[in-house]
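Each chain, letter by letter, is given below.
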Amino acid sequence: MPHKNHKQMNRELDNLHALGQKTDYKMDYAPEVLEVFENKHPDNDYWVRFNCPEFTSLCPITGQPDFAELRISYMPDKRMVESKSLKLYLFSFRNHGDFHEDCVNVIMKDLIRLMDPKYIEVCGLFTPRGGISIFPYANYGRPGTKYEEMARHRLEQHDL
């Protein structure tokens with residue numbers, strides 16, 4: 001595959017607004033901050049994994065903070081999420097009230113809408129409150145493909 005010239009690269013970077021700019025943190029759920037860029041290897045199956053060890057959200061009932069390590073793994077197709085925009089998006093949950101399970105599913109669905117990945121999984125390792133920790137897991141494989149079967153298998157085998 002030939003390398004892109006500076007003009008092509010600048011056009012691609014023009015679509016990324018958060019990268020290299022002063023950080024503007026949103027104070028509540030903000031999926032509009034998510035940005036994508038072109039995957040240069042859409043024919044390859046490979047994993048991209050993000051770990052967010054300082055994810056926070058609020059309990060929708062008590063308003064108390066919830067803390068988690070959030071793990072996002074996906075197999076990209078044509079588009080990939082830009083990491084700074086993902087960081088800003090995850091930070092936007094800081095003052096957002098939602099249950100752990102909802103946070104994990106909302107994040108996964110937003111990333112599916114954004115990227116249309118071949119496969120994605122999101123797991124939240126929430127710290128204990130009241131002596132109980134919750135580890136919600138959600139996944140998705142593109143329907144009608146081998147990734148759909150992979151999602152089913154990984155879900156069945158998830159915590160064995």
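The rules behind these values
Residues numbered from 1 in each chain as written. Predicted model: local features only at pLDDT ≥ 70, side-chain atom pairs only at ≥ 80, totals over all residues. Heavy atoms only, no water. Phe/Tyr/Trp six-rings, centres within 6.5 Å; stacked < 30°, edge-to-face > 60°. Helix = DSSP H or I, 4+ residues; strand = E, 2+ residues; numbered from the N terminus. Buried < 20%, exposed > 50% of the residue type's maximum accessible area, 1.4 Å probe, protein only. Pairing = 2+ DSSP bridges. Axes fitted to C-alpha atoms, helices over the stretch in contact; angles between N-to-C directions. Contact = heavy atoms within 4.5 Å. UniProt positions renumbered as here; feature names shortened; annotations may be inferred.

Colleague: Describe in detail the packing of aromatic side chains, supporting the description with residues and values.
Modeller: Scanning the entire structure with this criterion turns up 7 aromatic pairs. When the centroid spacing of 5.6 Å and the interplanar angle of 50° are considered together, the rings of Phe 55 and Phe 93 count as tilted. With Phe 55 in strand β2 (residues 48–58) and Phe 93 in the loop between α2 (83–91) and α3 (100–115), this pair connects stretches of sequence that are 38 residues apart. Phe 55 gets classed as buried once you look at its relative accessible area, which sits at 1%. Summarising the aromatic geometry, the rings of Tyr 89 and Phe 93 are spaced 5.4 Å apart at their centres and angled 90° between planes, so their arrangement reads as edge-to-face. On the basis of relative accessibility, which here comes to 0%, the residue Phe 93 falls in the buried class. Among the aromatic residues, those joined into a ring-pair cluster are Tyr 29, Phe 55, Tyr 89, Phe 93 and Phe 126.

Colleague: Run through the sheet that holds strand β5 (residues 119–126), naming residues and quoting values.
Modeller: Read from one edge of the open sheet, 4 strands run β2-β3-β5-β6, paired in antiparallel fashion. Each end of this open sheet is capped by a strand with a single partner; those strands are β2 and β6 (137–141). Sheet twist, expressed as the mean angle between neighbouring strand axes with direction ignored, is 15°. The strands that α2 touches are β2 and β3 (65–75); relative to β2, the one it contacts most, it runs at about 20°.

Colleague: Which residues make up the UniProt feature "binding site: substrate" (unreviewed entry) in the protein, and what values do they have?
Modeller: Summarizing the sequence annotation, UniProt attributes the feature "binding site: substrate" (unreviewed entry) to Val 81, Glu 82, Ser 83, His 100 and Glu 101 in the numbering used throughout. Tracing the sequence through the fold places Val 81 in strand β4 (residues 79–81). Sequence-distant contacts of Val 81, that is, excluding residues within four places in its chain, are made with Leu 34, Glu 35, Val 36, Phe 37, Phe 50, Tyr 74, Leu 86, Leu 111, Leu 114 and Met 115. Under the relative-accessibility criterion, His 100 is labelled buried at 10%. Residue contacts for His 100: discarding those within four places in its chain leaves Asp 66, Phe 126, Ile 134 and Pro 136.

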